[in-house]
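Chain residues, written in single-letter form:
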Amino acid sequence: QVQLVESGGGLVQPGGSLRLSCAASGRDFRSYVMGWYRQVPGKQRELVATITNSGNRNYQDSVKGRFTISRDNNKNTVYLQMNSLKPEDTRVYYCNVRHVVASLQYWGQGTQVTVSS
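Below is a summary of the structure that appears in this document. (Residues numbered from 1 in each chain as written. Predicted model: local features only at pLDDT ≥ 70, side-chain atom pairs only at ≥ 80, totals over all residues. Heavy atoms only, no water.)

## With respect to the state of the cysteines
Here, disulfide denotes a covalent bond that connects the sulfur atoms of two cysteines. Defined as follows: Whenever a pair of cysteine sulfur atoms sits within 2.5 Å, that pair is classed as a disulfide. In this description a helix means any DSSP run of H or I spanning at least four residues, a strand means any run of E spanning at least two, and both kinds are numbered starting from the N terminus. For every residue, the accessible area obtained with a 1.4 Å probe (protein chains only) is divided by the maximum for its type, and the residue is called buried under 20%, exposed over 50%, and partly exposed between those limits.
Under the counting rule described, the total for this entry stands at one disulfide. Here Cys22 is linked by a disulfide to Cys95, with a sulfur-sulfur distance of 2.1 Å. Between Cys22 and Cys95 the disulfide shows an S-S torsion of about -85°. By sign, it is left-handed. A residue pair is termed long-range when its members are at least 10 positions apart, and Cys22 in strand S3 (residues 18–25) and Cys95 in strand S9 (residues 91–99) qualify at 73 residues. Cys95 matches Cys22 in its accessibility class, with the two residues each being buried.

In structure tokens form, the structure reads like this:
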């Protein structure tokens, strides 16, 4: 059984930082892209960042230079370091793992990030 457990969300002031973590279990994730998506109620979930097993990264343009995605393959954990946070970053953030070949992916439960003064 695959489980993705997210943590690290919260309330921060503009310009602040947060670090999200997502611990995956129940599978060998070497053949999975790991990433983060975000969503506001009533809107489509959008990509924030992804990282492959080999370390190739992809970012949404609006977070480039501010967010950094990384993964620890020994711990099956993906991280999202978020710096210089803006009110527009306020979203529920979801961890995602997606198989590189098969139509197979899993989602975390979501963690709220709120950026407000």
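Once the structure has been displayed, the description carries forward.
## A word on the pairing of strand S1 (residues 3–7)
Going by this rule: By this definition, two strands are paired if DSSP reports at least two bridges between them.
Alternating positions in S1 separate cleanly, Leu4 and Glu6 being buried on one face and Gln3, Val5 and Ser7 remaining unburied on the opposite face. Two elements, S1 and S3, share five bridges in a ladder whose sense is antiparallel. If you follow Ser7 over to S3, its bridge partner there is Ser21.

## Section: the pattern of salt bridges
What counts is decided by this rule: Salt-bridge detection follows one rule: a side-chain nitrogen of Lys or Arg within 4 Å of a carboxyl oxygen of Asp or Glu.
According to the stated counting rule, one finds five salt bridges in the structure shown. The partner of Lys64 in a salt bridge is Asp61, with the nearest N and O atoms 3.0 Å apart. For Arg66, the salt bridge goes to Asp89, with nearest N and O atoms at 2.8 Å. Here Arg66, found in the loop between strand S6 (57–59) and strand S7 (67–72), pairs with Asp89, found in the loop between strand S8 (77–82) and S9; they are 23 residues apart in sequence, far enough to count as distant. The exposure classification of Arg66 matches that of Asp89, with both residues buried.

So far we have only geometry, and geometry alone does not tell us how the molecule works.
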